[in-house]
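Tertiary structure, described
So the chains spell out like this:
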Amino acid sequence: MSSIDHGALLGPADIRDLAARLGVRPTKQRGQNFVIDANTVRRIVRTADVRPDDVVVEIGPGLGSLTLALLEAADRVTAVEIDDVLAAALPATVAARLPERADRFALVHGDALRVIELPGPAPTALVANLPYNVAVPVLLHMLARFPTIERTLVMVQSEVADRLAAAPGSKVYGVPSVKAAWYAQVKRAGAIGRNVFWPAPNVDSGLVSLVRRPEPPRTTASREEVFAVVDAAFAQRRKTLRAALAGWAGSAAAAEAALTAAGISPQARGESLTVEDFAAIAEHGPAKTSPSGGTSQR
């Protein structure tokens, strides 16, 4: 990794000055909290293991704190920003502070949940301070849409980080845990204090590392079919799988038959199952025996 020129990064005064000139106030509606500490963005880049040949995609770059640090370390950075004012300003910030890297930067002005292609070479890494209100859907969308993303490091609300990295049997293990595990090996990669943000959020933040699996779980079921079982299993957490999957299977008896065929106790609950278990259940689901299974193929 190249050594970072400290002068290129944004400090608290730079960020407040830039925001004032743009007339920007962070909005709760978009879950915006800008990182104002250069040491924190350096730490994120280091923890993300950004390499000189990486093509990094960043979601919600805001005023560009993390963007500049990523540009110093990676081959290229593509930032996806939904906010009109921030999207218009970011290329100028990059050009002013890192002119020698400006041609390595691309901006996509749009909603990350609707991005289906990115300019330039395929991304190899995703590094982002994700807006808290859409963190999980954005993360899962990017992993599904861009299979070339090998390594991901995202900063999210601490309890979301716990959920994403939770193992079967944990109280916070649920839909995000299972779906993230479909794509990657997931782990907590550190905590971030509130004082490095402007405005300071009223929740703690955590870093989550996701390293893509060489291939998804082996199964004859599609990802959509597996995820449908996951959604059903956790929609009513306190129920046994026999009861929770009754709607998905068509009846409690059909759910029991699918579970038994998959080698899973009908009395088990969703939080005890691995992603491979959910895939096994999906293989014996109604979509496999009935044309009205209602699965949608991507």
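To start, this report covers the structure provided alongside it. Being a predicted model, the structure only gives us computed values, none of them experimental.

What counts and how
- Residues numbered from 1 in each chain as written.
- Predicted model: local features only at pLDDT ≥ 70, side-chain atom pairs only at ≥ 80, totals over all residues.
- Heavy atoms only, no water.
- Helix = DSSP H or I, 4+ residues; strand = E, 2+ residues; numbered from the N terminus.
- Rg over C-alpha atoms; globule rule 2.2 N^0.38 Å.
- Buried < 20%, exposed > 50% of the residue type's maximum accessible area, 1.4 Å probe, protein only.
- Contact = heavy atoms within 4.5 Å.
- Lys, Arg positive; Asp, Glu negative; His and termini not counted.
- Charge placed at Lys NZ, Arg CZ, Asp CG, Glu CD.
- Phe/Tyr/Trp six-rings, centres within 6.5 Å; stacked < 30°, edge-to-face > 60°.

**Some thoughts on the overall build of the protein chain**
For the protein chain, the count of helices and strands is 12 helices and nine strands. Rg of the C-alpha trace for the protein chain: 21 Å, near the compact-globule value of 19 Å for 298 residues, within the 12% margin. Evaluated residue by residue, the protein chain yields a buried proportion of 52% over its 298 residues. Taking all contacts inside the protein chain whose residues are at least 6 apart in sequence as the whole, residues at least 24 apart take part in 71%. Averaged over its 33 positive side-chain charges, the protein chain has a centre that lies 5 Å from the centre of its 30 negative ones.

**With respect to helix H2 (residues 38-47)**
Residues Ala-38, Thr-40, Val-41, Arg-42, Ile-44 and Val-45 constitute the buried set of H2. Tucked inside the fold, the buried residues of H2 contact strand S1 (34-35), helix H3 (65-73), strand S5 (125-129), strand S6 (151-157), strand S7 (184-192) and strand S9 (205-212). Positive backbone phi, approximately 55°, marks Asp-49, located one or two places after H2.

**Quick notes on the packing of aromatic side chains**
Scanning the model with the defined rule gives five aromatic pairs in all. Ring centres 6.1 Å apart and planes at 45° place the aromatic pair Phe-34 and Trp-198 in the tilted group. Taken as a pair, Phe-34 in strand S1 and Trp-198 in strand S8 (residues 197-198) lie far apart in primary sequence, 164 residues in all. Take Phe-34 and Trp-198: they sit in the same class, and that class is buried.

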